[in-house]
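# Tertiary structure, described
Spelled out, the chains give:
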Amino acid sequence: MASILKVENISHTNSTAAMTIDSSGRILTPARPMLCAQGNVNNDVVYANNADIAFATSGVGFGEFAQGGMSLVNNTQFTVPITGLYQFQSSVYINDSHTAVRLQLTLNGGTNPATTIAGNVQSGAAASRSIQLNHVLNLTAGDYVTVRNFSGGDRTFYNGYNHTYAFMYLIG
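Structure report, in brief.

Conventions we followed
- Residues numbered from 1 in each chain as written.
- Predicted model: local features only at pLDDT ≥ 70, side-chain atom pairs only at ≥ 80, totals over all residues.
- Heavy atoms only, no water.
- Salt bridge = Lys/Arg side-chain N within 4 Å of Asp/Glu carboxyl O.
- Buried < 20%, exposed > 50% of the residue type's maximum accessible area, 1.4 Å probe, protein only.
- Patch = residues over 30% accessible without salt bridge, like charges linked within 9 Å, V, L, I, M, F, W, Y side chains within 5 Å.
- Areas by Shrake-Rupley, 256 points an atom, 1.4 Å probe, with all protein chains shown as cover.
- Helix = DSSP H or I, 4+ residues; strand = E, 2+ residues; numbered from the N terminus.
- Pairing = 2+ DSSP bridges.
- Phe/Tyr/Trp six-rings, centres within 6.5 Å; stacked < 30°, edge-to-face > 60°.

## Section: the pattern of salt bridges
Evaluation of the coordinates by the stated rule reveals 2 salt bridges. Its salt-bridge partner being Arg26, residue Asp22 comes within 2.7 Å of it at the nearest N-O pair. Given the relative accessible area of 54%, Arg26 is considered exposed.

Here it is as structure tokens:
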């Protein structure tokens, strides 16, 4: 025998809305942890090797926000409020004469292979370009990830509102 639950709203015992289902069956989860950040200076920034790229979640434009307990600590640490699987994506605009640039996604500030999660290297002509990182992460509450210059030396990034961005959200 099948059971059918006919409700429009699901909430916590403290009345916090957890889920809404509209008449077409679309599900809204207003408390889902999510953060969207953009470049924070709209100018070139030189980052030393092993320096974390800075972002902003307020005062930049319409594209940045944080909800559901996600936070951007020190403008560099994408910090998760609960344990789960998270989707992370970033795009960083490189405005540098070097032909090789490497970005690294790090876990909790680590620098060894056990705490670096994903990296991307771009080599070739020294023209301006963007490098993206995209990864699904299994994180524990309080963990944080950073986007780090891991090029072996100083590199110039254009940390512009429309050129550099990152977002992260809870998948489940």
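## Quick word on a nonpolar patch on the surface
A grouping of Leu5, Val7 and Ile10 is seen on the molecular surface, where their side chains present a nonpolar patch of about 270 Å² in accessible area. Tracing the sequence through the fold places Val7 in the segment before β1 (9-11).

## As for the sheet that holds strand β3 (residues 27-28)
Pairing is antiparallel in the open sheet, where 3 strands are placed in the order β1-β2-β3. Edge strands, defined here as strands with exactly one partner in the open sheet, are β1 and β3.

## A short note on the pairing of strand β13 (residues 144-149)
Counting buried positions along β13 yields 6 of 6 residues, so the element is predominantly enclosed. Neither face of β13 is exposed, since Tyr144, Thr146 and Arg148 on one face and Val145, Val147 and Asn149 on the opposite face are all buried. Of the pairings in the sheet, the one linking strand β8 (residues 77-79) to β13 comprises 2 bridges and is antiparallel in character. Counted as the bridge partner of Phe78 is Val145 from β13. Pairing geometry for strand β10 (residues 100-107) and β13, over 5 bridges, is antiparallel. When the sheet's bridge partners are listed, Gln104 is paired in β13 with Arg148.

## What about the packing of aromatic side chains?
Counted according to the given criterion, the structure contains 5 aromatic pairs. Ring geometry for Tyr93 versus Tyr158: centroids 6.3 Å apart, planes at 85°, classification edge-to-face. Taken as a pair, Tyr93 in strand β9 (residues 84-94) and Tyr158 in strand β14 (residues 155-158) lie far apart in primary sequence, 65 residues in all. The class of Tyr93 is partly exposed, set by a relative accessible area of 23%. Chaining the aromatic ring pairs together yields one cluster made of Phe55, Phe78 and Phe88.

The analysis is restricted to geometry; functional conclusions fall outside its scope.
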